[in-house]
Amino acid sequence: MKTAIYPGSFDPVTYGHLEIISRASKLFDKVIVLVSVNPLKPCSFTIDERKQFLRESVVAEGIGNVEVDSNEGLLIDYFNEHNADVIVKGLRAISDFEYEFQMAQANRKLCYKAETIFLTSKSEYTYLSSSMVKQIAMFGGDISDFVPECILDRINERLKRY
């Protein structure tokens, strides 16, 4: 059984994330979508909220063989503890590649068996980031084309408070 880990902050989950999850779910027997904590990146939603958003969105989109979990430590430790085979990273634009490449190299140095594969976003999601979604929502803009309907009201409610 081949297991992939798709890590990210998912603050909040977007259709771009779901597209990568869907494609990974077709390539691997099991995909663990891992809500990771980055102490350098402040989040608008708690880990539990982000996990719940992901679970609901995966079900709503009909994506199977996906498990949602969280991790507050090093990705590579989680990778080893769960006997994963690969790390999946989504790339929207060339600007994402440099950072993700450095992370892949560091993970490989920490664990020789840690393979990273990159899935490029569909062209319709190349501009889409969680940060952009949050900013649009904070100013009262319509984010319905960016996030699943099943979580839209809760995201809007939280972000319009700022």
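Residues numbered from 1 in each chain as written. Predicted model: local features only at pLDDT ≥ 70, side-chain atom pairs only at ≥ 80, totals over all residues. Heavy atoms only, no water.

(A) Spotlight on the environment of Ile 143. In this fold, Ile 143 is placed in the loop between α5 (130-138) and α6 (149-159). In this structure, the C-alpha to C-alpha distance between Ile 143 and Lys 113, residues 30 residues apart in sequence, is 39 Å. What Ile 143 contacts, discounting residues up to four positions off in sequence, is Val 133, Ile 136, Ala 137, Leu 152, Ile 155 and Asn 156. (Helix = DSSP H or I, 4+ residues; strand = E, 2+ residues; numbered from the N terminus. Contact = heavy atoms within 4.5 Å.)

(B) Inspection of the environment of Ile 63 at higher detail. Within the secondary structure, Ile 63 is located in the loop between α2 (47-60) and β3 (66-71). Separated by 32 residues in the primary sequence, Ile 63 and Val 31 have C-alpha atoms spaced 10 Å apart. Contact partners of Ile 63, with chain neighbours within four places excluded, come to Leu 18, Ile 21, Ser 22, Ser 25 and Val 58.

(C) The arrangement of the UniProt feature "binding site: substrate" (unreviewed entry) in the protein chain in detail. Mapped onto this structure's residue numbering, the UniProt feature "binding site: substrate" (unreviewed entry) falls at Ser 9, Lys 41, Leu 75 and Lys 89. Of the annotated set named above, Ser 9, Lys 41, Leu 75 and Lys 89 line the largest pocket. Tracing the backbone shows Ser 9 in the loop between β1 (3-8) and α1 (15-27). In this structure Ser 9 comes out as buried when scored by relative accessible area, which is 13%. Excluding residues that lie within four positions of it along the chain, Ser 9 makes contacts with Val 35, Ser 36, Lys 41 and Arg 50. Topologically, Lys 41 is positioned in the loop between β2 (30-36) and α2. (UniProt positions renumbered as here; feature names shortened; annotations may be inferred. 1 Å grid on protein atoms, 1.4 Å probe; cavity = no way out; pocket = protein on both sides within 12 Å on 5 of 7 lines; lining within 4 Å. Buried < 20%, exposed > 50% of the residue type's maximum accessible area, 1.4 Å probe, protein only.)

(D) Here's a closer look at the sheet that holds strand β4 (residues 86-91). As summarised here, the arrangement of the 5 strands in space is β3-β2-β1-β4-β5, forming an open sheet in which the pairing is parallel. This sheet does not close on itself; its edge strands, each paired only once, are β3 and β5 (115-120). Adjacent strand axes in the sheet meet at a mean angle of 30° when their direction is disregarded. Where β1 meets β2, 6 bridges bridge the pair, whose relative direction is parallel. Paired with Thr 3 across the bridge in β2 is Lys 30. Contacting β1, β2, β3, β4 and β5, α1 runs over the sheet at an angle of about 125° to β5. Sheet strands touched by helix α4 (residues 94-110): β4 and β5. Its angle to β5, the strand with the most contacts, is close to 160°. (Pairing = 2+ DSSP bridges. Axes fitted to C-alpha atoms, helices over the stretch in contact; angles between N-to-C directions.)

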